[in-house]
Amino acid sequence: MDRLAIEGGVPLRGEARVSGAKNAALPLMCAALLAREPLTLGNVPHLRDVTTMVRLLAQMGVAATLDEGGALTLDAAGLANPVAPYELVRTMRASILVLGPLVARAGEARVSLPGGCAIGLRPVDQHLKGLAAMGAEIAVEHGYIHARAHRLAGARIFMDLVTVTGTENLMMAATLAEGTTVLENAAREPEVVDLANCLVAMGARITGAGTDVITIEGVARLHGATHRIMPDRIETGTFLVAAAATGGEVRLTGTDGAYLEAVLEKLREAGAEVREEPGAISLAMRRRPRAVSLRTAPYPAFPTDMQAQFMALDAIAAGTGVITETIFENRFMHAIELARLGADIETSGNTAIVKGVASLDGATVMATDLRASASLVVAGLVARGETVVDRIYHLDRGYEAIEEKLSALGARIRRVR
Ligand code: EPU
């Protein structure tokens, strides 16, 4: 199993390019299932989750080709086997995103129930409730969701809670339904908007994406299209936090501050100078960071996917930060690992109280999930001496070439195989 060895204490300096967004790429790849013509995606990040999604789609009969420029073309003309097997779904929960498109296009889907994961239970009841409201017959048997519909019918669907992939699944399904679907209490995440833009390019009729009411007028078929995947706002935020924590100065290109205002606001509150330009963000931290308090919530509030990285920043900041996690019930596993590096963190329920310490000391730590791993890397970049982050396959799911990008910014980091 690969590990990352980090020699901490070097302020990050220089320029890095942000990759395409994982959480936009995965639903966009599933959108290819909706058409009989190819969908070409640009700015595709090289990530383990993207490879897993290619495998999942390929075993359904979707042809995938990658051109020299890095564009990925997915052709679902030969869609034959509308099944997402347990072996793949258990390694990537986002596999649930094939459910809506498959029922809409093939009239049937068998998708393994994702089950819980390290950060929480993560049920998919809202996805199923929405599809049922559109007329799908749904049965859960032998660990699989079996959904069938001759043709889905438009419906008014009120989601009990804000769910990102739930909104995406139902929006995709509704593009081919008979009649109009209204999704209320929809997720407003930029990745939902990116997906809607691509679906519209494929011939879908969608209004309201980016607000909490999305209206989809069903059409008989979608056609091929070309779409460029939006920048990864969480990769952007992670690199900015790493620069802030190390007292560095970086410029990130291929990204946009408009997607992460809540995060930039917290970085400014921590004392960073943040400058936004079209297509780039610069950050300089010329003082010891001030601890910030934050509460995660659906977009446009502070993202749960940045919570762990800010805990690492607070760990070495001046003062005390109170962090409240409202999205996932078990997303503080990095706290105990950060404590192994000398952080002073007390957790109780969904709240963590982080008292900043003057310095952290390198140690071996274990990554438990994707963003927890990122927080351990941030802490390792700051800590005195060597930090070894174990189980970095989690990181490889969501950060493209992280050690190369950080090395280019001056970090002393290497992968140990
Ligand atoms: N929930 C339900 N029922 C449902 C759906 C969700 O109770 O039917 C609950 C979940 O258990 C959770 C909350 O609602 O407590 C929000 O979950 P959501 O459905 O929004 O999460 P998701 O769609 O499964 C996406 C991202 C996550 C990100 C969350 C929250 C993708 C592929 N994944 O997950 O990304 O944390 O939204 O913003 O888009 C990551 O990249 O590290 C990651 C975990």
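Not measured: the values here are computed from a predicted model.

**What about the nonpolar core?**
Considering soluble globular proteins, one finds that nonpolar side chains tend to be buried as a cluster. If you look at the biggest cluster of nonpolar residues, it comprises 77 residues, and the most contacted ones within it are Val98, Leu99, Leu152, Met171 and Leu199. Those residues within four positions of Met171 in sequence are excluded, and the remaining contacts are Leu183, Val192, Leu195, Ala196, Leu199, Ile206, Ile214 and Ile216. Ranked by size, the runner-up nonpolar core spans 65 residues in total, among them Leu240, Val354, Ala374 and Leu376.

**Some words on the site of the ligand**
In the vicinity of the ligand, 21 residues are found, and the nearest of them are Asp125, Thr163, Thr165, Asp305 and Ile327. In this structure, Gln126 approaches the ligand through a main-chain N or O atom, which is 2.7 Å from an oxygen atom. Contacts to the ligand include Val164, whose backbone N or O atom sits 2.8 Å from an oxygen atom. In isolation the ligand offers 840 Å² of accessible surface; the protein chains occlude 87% of this area. Of all the elements in the fold, those that place two or more residues in the shell around the ligand are helix H1 (22-31), helix H5 (125-133), helix H6 (164-175) and helix H12 (370-382). Top contributing element to the shell around the ligand by residue count: H5, with 3 residues. Residue composition of the shell around the ligand, by class: 9 nonpolar, 6 polar and 6 charged.

**Some words on the sheet that holds strand S5 (residues 72-75)**
An order of S4-S5-S3-S14 is seen for the 4 strands of this open sheet, with the pairing classed as mixed. The open sheet terminates on both sides in strands that have one partner only, identified here as strand S4 (63-66) and strand S14 (225-228). Going from strand to strand, the sheet's axes swing by 20° on average, the running direction of each strand aside. The pairing of strand S3 (residues 39-42) with S14 spans 4 bridges and is parallel.

**Some remarks on the packing of helix H10 (residues 307-315) against helix H11 (residues 333-340)**
One way to put it is that H10 packs onto H11 with a least axis distance of 10 Å and a crossing angle of 30°. The orientation of H10 with respect to H11, classified from their angle, is roughly parallel. As for the relative orientation of H10 and H11, their crossing is right-handed in sense. For the pair formed by H10 and H11, the contact residues are Gln307, Ala308, Met311 and Ala312 on the first element and His334, Ala335 and Leu338 on the second.

What counts, and at which threshold
- Residues numbered from 1 in each chain as written.
- Predicted model: local features only at pLDDT ≥ 70, side-chain atom pairs only at ≥ 80, totals over all residues.
- Heavy atoms only, no water.
- Core = buried A, V, L, I, M, F, W, Y, C linked by side-chain atoms within 4.5 Å.
- Buried < 20%, exposed > 50% of the residue type's maximum accessible area, 1.4 Å probe, protein only.
- Contact = heavy atoms within 4.5 Å.
- Near = heavy atom within 4 Å.
- Polar contact = N/O pair within 3.5 Å; in protein donor to acceptor, adjacent residues only side chain to side chain.
- Areas by Shrake-Rupley, 256 points an atom, 1.4 Å probe, with all protein chains shown as cover.
- Helix = DSSP H or I, 4+ residues; strand = E, 2+ residues; numbered from the N terminus.
- Nonpolar A, V, L, I, M, F, W, Y, C, P; charged D, E, K, R; others polar.
- Pairing = 2+ DSSP bridges.
- Axes fitted to C-alpha atoms, helices over the stretch in contact; angles between N-to-C directions.
- Parallel < 35°, antiparallel > 145°, perpendicular 65-115°, else oblique.
- Left-handed = near helix turned anticlockwise from the far one by under 90°.

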